[in-house]
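Structural overview
So you can see what is in the structure, the chains are spelled out below.
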Amino acid sequence: MHELSICQALILRVEDIARERSGKVRRVCLGIGPLSGVEPRLLEDAYPLACAGTCAEGSQLAIEPINIRVRCRSCGAESEAAPNRLLCAACGDWRTDLLSGDELLLLRVELETQDDLTELANV
Amino acid sequence: MCETCGCLATQVQDTETVDVLSRLLEANDRTAAHNRHHFDGHGVVAFNIMSSPGAGKTALLEATIDAFKADFRIAVIEGDLETDNDARRIRARGVPAVQITTGSACHLDARMVHEALHELPLSQFDIVFIENVGNLVCPASFDLGQHRNVVLLSAAEGDDKPAKYPVMFRAADLVLLSKMDLAPLLDDFDAARAEQAIRALANAAPVIPLSARKRLNLEPWQAWLRGEIEKIRATQAAAHDAHEAHYEHHHHPAVA
C-alpha cells in the first residue's frame, strides 16, 4: 500500500502552496491514469490520514480519471486502450506509444483566502 | 455585514484556485535523478531487480555474481521488509551488500537508496544491483535512479501475471522467466503466452527463460547484461567528455 506515502508527498506539496498564499486548503484535485500504479480508491482512504494535523485537514480530495490512449507506430491511428491491452484498435499491432494514462498529477489546489474588507465597509 | 455580530466590518471569503500540474512523485523523481547522477559520475551501472516474493531474485544475483565477479566489481543493495538473510547470502559470495529494512513499506524509494549509497564507496564498483522488495505492485511507481529495470516472472506464478500487473511489466527493460526447470511440472505455464502478455503491454523488452538454481540458459541473460553495461558506459563517457569540454579551462575538484 504505497498510496499513503504518495499522499504524504502530496500533502507536503499542498502545504507549501497554502503557506505561500496564506490560505486554507478546501479542495485538492488530482489527475490519475490507470497505468500510474495508484489505486484512486485507496488514495481516497489514505488522504484523511495524511491530512490529519496539517493545513489540509478537512479538505476534499477530487480525482479526475485520465483515459488510456495509444498511438500506433505502424498505422499511426490513435485509440483508447485497456491497461493490459495497449494494442492499436485500428490494426491490432502491439507496437504503440502511450499518449496518456500513466499520469499521477497534482492538477489544482483550491484555497480559501480571507480578504479583510473592513476598510471598504467603513466607506 | 458581519454575520457574527452585525457590525459593519465585512470579511469576504475568496476561493483561489492554484493550477499546479506537477507530478505527485516529483520529490522522489528529484532524488532518483540525484542517485543516477552519482552512479554516472562514478561510471557505475545500476540495475533495479523486481519481482513477486520468491521468484528467485537473490538466486539470480548469486549466479550472476559467480559469473561476473572476475570481470566486474559488484555491489548489491538489498530491500526487504525484515531480516538481512538475502544480504548475508550475497556477502557469502564475496560481494558487499547493504541491507535496507523497510519495515512495513512495500517498496524501495529513491531516498532509501540514496541513504544506502552513503555506505557504498561508488568509485570502487562497476555494477550496483538493487534488489527491490518482493512485490509486483508498488515498486513499479518509484524511480530509484537505476539505468535498467529487470523483472522476474517465475514459472510457478502463471503466465498471465503481465496482464494482471501491467504497470510493473510495462516498466521492464528485460523480463526473465525464472525457475523454468519447474515448467515441465506445471501444466499452466507457457513461455510463449507470457511473452504475448508482455507484448500486449506494448513492451518490446526481451524475454529470457532460465533457471538460476540449475544454471540453465544463463548465457543470454549474461550477454544482455554485458551489452547494456557497454551501452550505458558509452552514454556516461559521452556525457563526461561533453562536461570536460565545457569546463576545459576551469580546474575543479571532482564531486564526491
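Residues numbered from 1 in each chain as written. Chains lettered and ligands numbered in written order. Predicted model: local features only at pLDDT ≥ 70, side-chain atom pairs only at ≥ 80, totals over all residues.

**As for the overall build of chain A**
Helix and strand counts for chain A stand at 3 helices and 6 strands. When the helices and strands of chain A are read in sequence order from the N terminus, they spell out α-β-α-β-β-β-β-β-α. Seen through its principal axes, chain A has C-alpha atoms that stretch 70 × 40 × 20 Å. Looking at chain A residue by residue over its 123 residues, the buried ones come to 36%. In chain A, the proportion of contacts linking residues at least 24 apart, taken out of those at least 6 apart, comes to 69%. (Helix = DSSP H or I, 4+ residues; strand = E, 2+ residues; numbered from the N terminus. Buried ≥ 20, exposed ≤ 12 C-beta atoms within 10 Å, placed from the backbone. Contact = placed C-beta atoms within 7 Å.)

**Quick word on the interface of chain B and chain A**
Contacts between chain B and chain A engage 34 residues on the former and 41 residues on the latter. Of all elements in the fold, only strand 1 (11-23), helix 1 (26-41) and helix 6 (166-170) of chain B reach the threshold of two or more residues within the side of chain B that touches chain A. Among the elements that take part in the side of chain B that touches chain A, strand 1 of chain B stands out by supplying 13 residues, more than any other. Taken together, the residues that form the side of chain B that touches chain A break down as 19 nonpolar, 9 polar and 6 charged. (Nonpolar A, V, L, I, M, F, W, Y, C, P; charged D, E, K, R; others polar.)

**Here we look at the pairing of strand 3 (residues 69-72) of chain A**
Residue and element names in this part refer to chain A. In strand 3, alternate side chains face the same way, and those of Val70 and Cys72 are buried while those of Arg69 and Arg71 on the opposite face are not. Pairing of strand 3 with strand 4 (residues 78-80) involves 3 bridges; the strand directions are antiparallel. Among the inter-strand pairings, Arg71 is bridged to a residue of strand 4, identified as Glu78. Linking strand 3 to strand 4, which pair antiparallel, is a turn of 5 residues; within it Gly76 sits at a positive phi near 80 degrees. Here strand 3 runs beside strand 5 (residues 96-100); their pairing, made up of 4 bridges, is antiparallel. Its bridge partner being in strand 5, Val70 is matched across the sheet by Leu98. (Pairing = 2+ DSSP bridges.)

**Considering the sheet that holds strand 8 (residues 207-209) of chain B**
Residue and element names in this part refer to chain B. With parallel pairing, 7 strands are arranged side by side in an open sheet as 4-3-5-2-6-7-8. The open sheet has two edge strands, strand 4 (97-101) and strand 8, and neither has a second partner. The sheet shows a mean angle of 20 degrees between the axes of neighbouring strands, direction not considered. (Axes fitted to C-alpha atoms, helices over the stretch in contact; angles between N-to-C directions.)

**Some details on the nonpolar core**
Core analysis: the largest hydrophobic core is formed by 78 residues, its most contacted members being Val128, Ile130 and Val175 of chain B. In this structure, Val175 of chain B is in contact with Val151, Leu153, Phe169, Ile198, Ala205 and Val207 of chain B, ignoring residues within four places of it in sequence. Cys7, Val28, Ala56 and Leu106 of chain A belong to the second-largest nonpolar core, a separate cluster that totals 25 residues. (Core = buried A, V, L, I, M, F, W, Y, C linked by C-beta atoms within 7 Å.)

**Some points on unusual backbone geometry**
Residues apart from glycine generally show negative phi values, whereas peptide bonds are mostly found in trans. Its identity as a non-glycine residue notwithstanding, Ser22 of chain A has a phi of 35 degrees, on the positive side. Topologically, Ser22 of chain A is positioned in the loop between helix 1 (3-21) and strand 1 (24-32). Even without being a glycine, Ala202 of chain B presents a positive backbone phi close to 60 degrees. Along the polypeptide, Ala202 of chain B turns up in the loop between helix 7 (191-199) and strand 8.

**Things to note about helix 7 of chain B**
All names here are of chain B. By the burial criterion, the buried members of helix 7 are Ala194, Ala197 and Ile198. Down the axis, helix 7 shows its buried residues gathered within 100 degrees of arc, on one side only. The inward-facing, buried residues of helix 7 abut strand 6 (148-154), helix 5 (161-164), helix 6, strand 7 (174-178) and strand 8. (Arc of directions from axis to C-beta.)

**Description of the packing of helix 1 of chain B against helix 4 (residues 110-117) of chain B**
Packed helices, taken two at a time, are described by the angle between their axes plus the distance between the axes. Residues and elements named next belong to chain B. Two elements in contact, helix 1 and helix 4, have axes separated by 8 Å at closest approach and are oriented at 30 degrees. The pairing of helix 1 with helix 4 is recorded here as roughly parallel in orientation. As for how helix 1 packs across helix 4, the hand of that crossing is left-handed. Contacts between helix 1 and helix 4 involve Asn28, Thr31, Ala32, His34, Asn35 and His38 on the former and, on the latter, Ala110, Arg111, Val113, His114 and Leu117. (Parallel < 35°, antiparallel > 145°, perpendicular 65-115°, else oblique. Left-handed = near helix turned anticlockwise from the far one by under 90°.)

**A look at the sheet that holds strand 5 of chain A**
All names here are of chain A. In spatial order, the strands read 4-3-5; together these 3 strands make up an open sheet with antiparallel pairing. Bordering the open sheet on either side are strand 4 and strand 5, each of which pairs with just one other strand. Put simply, the sheet's adjacent strands are angled 35 degrees from each other on average, direction ignored.

**Things to note about the confidence of the model for chain B**
Averaged over all residues, the pLDDT of chain B is 91; the fraction at 70 or higher stands at 91%. Taken together, the chains of this predicted complex give a pTM of 0.88 and an interface ipTM of 0.85. (pLDDT = per-residue confidence, 0-100.)

**Re the environment of Met50 of chain B**
Residues and elements named next belong to chain B. With respect to the element layout, Met50 can be found in strand 2 (residues 45-50). A residue is classified by how many C-beta atoms lie within 10 Å of it, and Met50, with 28 of them, is buried. Separated by 118 residues in sequence, Met50 and Met168 have C-alpha atoms that sit 8.5 Å apart. Apart from the residues within four sequence positions on either side, Met50 is in contact with Asn132, Pro139, Asn149, Val151 and Met168.

**Considerations on helix 1 of chain A**
Residue and element names in this part refer to chain A. In this model, helix 1 (19 residues) spans 27 Å end to end at C-alpha, consistent with the 27 Å of a helix rising 1.5 Å per residue. Listing the buried residues of helix 1 in full gives Glu3, Ser5, Ile6, Cys7, Leu10, Ile11, Val14, Ile17 and Ala18. Following helix 1 by one or two positions, Ser22 adopts a phi angle in the positive range, close to 35 degrees. (Expected span 1.5 Å × (residues − 1).)

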